[in-house]
Amino acid sequence: MSNAETVSTTAVDPSVAAASAQFLSPVALGLQALVVNGKQAHWHVRGANFIGVHEFLDVLVEHAGDWADTAAERIVALGLPIDARVATIASKVAPTAVPAGFTRSDEIVLAVIADIDAVLADLEAAIEGLDEVDLTSQDVAIEIKRGLEKDRWFLFAHVSA
Ligand SMILES: [Fe+2]
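Just so you know, these numbers come straight off a predicted model, no measurement behind them.

**Student:** Tell me about the environment of R74, and please be specific about residues and values.
**Tutor:** Here R74 shows up in helix α2 (residues 50-77). R74 sits 40 residues away from L34 along the chain, and the two C-alpha atoms are 19 Å apart.

Okay, structure coming up:
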């Protein structure tokens with residue numbers, strides 16, 4: 001017979017859980033910020049390619065939300081919490097490059113790409129840092145990075161020659 005007290009809380013060593021949380025928390029927070037700031041851009045883009053940029057920003061927002069969920073739930077699955085409250089995100093994530101008001105499409109695309117690049121840097125650090133710690137958590141970072149780099153390309157194609 002088994003009950004909850006005889007079953008290990010998580011499948012992994014506590015140090016693995018801690019490292020996964022250390023590297024995946026900034027990713028989850030950065031992606032949550034991208035959800036909010038991506039919507040800001042979606043609402044305020046103006047000018048050339050309006051409909052394409054406006055619509056694609058919503059796709060990016062949806063992806064960012066899904067990826068934040070993937071990163072956060074990996075941490076929670078390993079038994080640790082994540083503080084992703086709005087005030088915590090605001091204090092830990094670098095300020096967005098997205099302006100507050102109506103903005104030309106080329107300018108707003110470059111701003112969103114700058115925000116994406118900040119998340120990509122955290123993903124790169126996660127992939128490096130988790131390489132000898134937990135390949136499953138590293139796989140989460142790799143999967144997100146692959147998708148985010150694709151969305152970056154879709155955005156960049158709006159402004160490149
Ligand atoms: Fe909308």
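**Student:** Describe the UniProt feature "domain: Ferritin/DPS" (unreviewed entry) in the chain, with residues and values.
**Tutor:** When the UniProt feature table is mapped onto this chain numbering, "domain: Ferritin/DPS" (unreviewed entry) sits at residues 35-159. Strand forms 3% of residues 35-159 and helix 74%; the C-alpha atoms that close the span are 21 Å apart.

**Student:** Give me the lowdown on unusual backbone geometry, citing residues and values where you can.
**Tutor:** If you check the backbone angles, N49 has positive phi at about 60° while not being a glycine. Along the chain, N49 turns up in the loop between β1 (45-46) and α2.

**Student:** Describe in detail helix α4 (residues 105-129), supporting the description with residues and values.
**Tutor:** Spanning 25 residues, α4 covers 36 Å between terminal C-alpha atoms, matching the ideal 36 Å at 1.5 Å per step. Inspection of α4 places S105, I108, V109, V112, D115, I116, V119, D122, L123 and A126 among the buried residues, and these make up the whole buried set. The elements touched by buried residues of α4 are α1 (14-44), β1, α2, β2 (103-104) and α5 (135-156).

**Student:** Residue-level account of the packing of α4 against α5, with values.
**Tutor:** With their axes 10 Å apart at the nearest point, α4 and α5 run at an angle of 160° to one another. Taken as axis vectors, α4 and α5 run roughly antiparallel relative to one another. With respect to the hand of their crossing, α4 and α5 are arranged in left-handed fashion. Each of V109, V112, I113, I116, V119, L120, L123, A126 and I127 in α4 lies in contact with α5, whose residues at this interface are Q138, A141, I142, I144, K145, L148, E149, R152, L155 and F156. Here the residues of the contact of α4 with α5 sort into 15 nonpolar, 1 polar and 3 charged.

Thresholds applied
Residues numbered from 1 in each chain as written. Predicted model: local features only at pLDDT ≥ 70, side-chain atom pairs only at ≥ 80, totals over all residues. Helix = DSSP H or I, 4+ residues; strand = E, 2+ residues; numbered from the N terminus. UniProt positions renumbered as here; feature names shortened; annotations may be inferred. Expected span 1.5 Å × (residues − 1). Buried ≥ 20, exposed ≤ 12 C-beta atoms within 10 Å, placed from the backbone. Contact = placed C-beta atoms within 7 Å. Axes fitted to C-alpha atoms, helices over the stretch in contact; angles between N-to-C directions. Parallel < 35°, antiparallel > 145°, perpendicular 65-115°, else oblique. Left-handed = near helix turned anticlockwise from the far one by under 90°. Nonpolar A, V, L, I, M, F, W, Y, C, P; charged D, E, K, R; others polar.

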